[in-house]
Amino acid sequence: MAAKIADVLGVTLDYLVKDGEYERIDNETLKKLKEIQNLDPENKSHVFATIGAFIKAAKLKSIAAL
């Protein structure tokens, strides 16, 4: 029932339950995370390594801009 309410409101269950702690995570990102969760462990590891590399590069770029 709560999942249906969240869907109608366009928010996540975490948003409803945790006072919006994850409100900045959009539905498209959540859908992708669910898809990643269903991958086999090796592919999942590759996806997270790639994401980690992009995050690290973005952080380094912002530090270099200072």
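The numbers attached to residues start from 1 for each chain and follow its sequence in the written order. Residues qualify for local features only when their pLDDT is at least 70, as the model is predicted, and side-chain atom pairs are given and counted only at 80 or more; totals for whole chains, interfaces and linings, by contrast, use all residues. Side-chain numbers come from the whole structure's heavy atoms, not from hydrogens or water.

Let us now look at the overall build of the protein chain. Only runs of H or I of at least four residues qualify as helices and only runs of E of at least two qualify as strands under DSSP, and these elements are numbered from the N terminus. Secondary structure summary: the protein chain contains 4 helices and 0 strands in total. Mapped from its N terminus to its C terminus, the protein chain presents α and β elements in the order α-α-α-α. Computation of the radius of gyration draws on C-alpha atoms, with the globule rule given as 2.2 Å multiplied by the number of residues to the power 0.38. At 16 Å, the protein chain has a C-alpha radius of gyration far larger than the 11 Å of a compact globule built from 66 residues. Projected onto its principal axes, the C-alpha coordinates of the protein chain cover approximately 45 × 35 × 15 Å. We call a residue buried when its accessible area falls under 20% of the maximum for its residue type, exposed when it is over 50%, and partly exposed in between, using a 1.4 Å probe and counting protein chains only. Per-residue burial for the protein chain yields a buried fraction of 8% across its 66 residues. Counted as positive: Lys and Arg. Counted as negative: Asp and Glu. His and the chain ends are not counted at all. Lys charges are placed at NZ, Arg charges at CZ, Asp charges at CG and Glu charges at CD. The positive charge centre, built from 10 side chains, and the negative charge centre, built from 10, are 4 Å apart in the protein chain.

Let us look at the confidence of the model for the protein chain. Per-chain confidence: the protein chain averages 84 in pLDDT, with 92% of residues scoring 70 or above. pLDDT runs from 0 to 100 and stands for how confident the predictor is about each residue. Averaged pLDDT values for the elements of the protein chain fall to 73 in helix α2 (residues 13–17) and rise to 94 in helix α4 (residues 41–64).

The next thing to look at is the UniProt feature "domain: HTH cro/C1-type" (unreviewed entry) in the protein chain. Residues given the UniProt feature "domain: HTH cro/C1-type" (unreviewed entry) here are residues 1–16. Secondary structure content for residues 1–16 is 75% helix and 0% strand, while the C-alpha to C-alpha distance between its ends is 12 Å. UniProt positions are given in the numbering used here, feature names are shortened, and annotations may be inferred rather than shown by experiment.

A contiguous nonpolar patch, built from M1, I5, V8, L9, L13, Y15, L16 and V17 and spanning about 840 Å² of accessible area, is present on the exposed surface. Among the elements of the structure, α1 (2–9) and α2 are those that each provide at least two residues to the nonpolar patch. If you tally residues by element for the nonpolar patch, the top one is α2, at 4 residues. Structurally, M1 is set in the segment before α1. Using a relative accessible area of 78% as the deciding quantity, one classes M1 as exposed. Patches here: salt-bridge-free residues with over 30% relative accessible area, like charges joined within 9 Å, nonpolar side chains (Val, Leu, Ile, Met, Phe, Trp, Tyr) joined within 5 Å. Surface accessibility follows the Shrake-Rupley procedure with a 1.4 Å probe radius. Residue values consider only the protein chains on display as shielding. When a carboxyl oxygen of Asp or Glu lies within 4 Å of a side-chain nitrogen of Lys or Arg, that pair is called a salt bridge.

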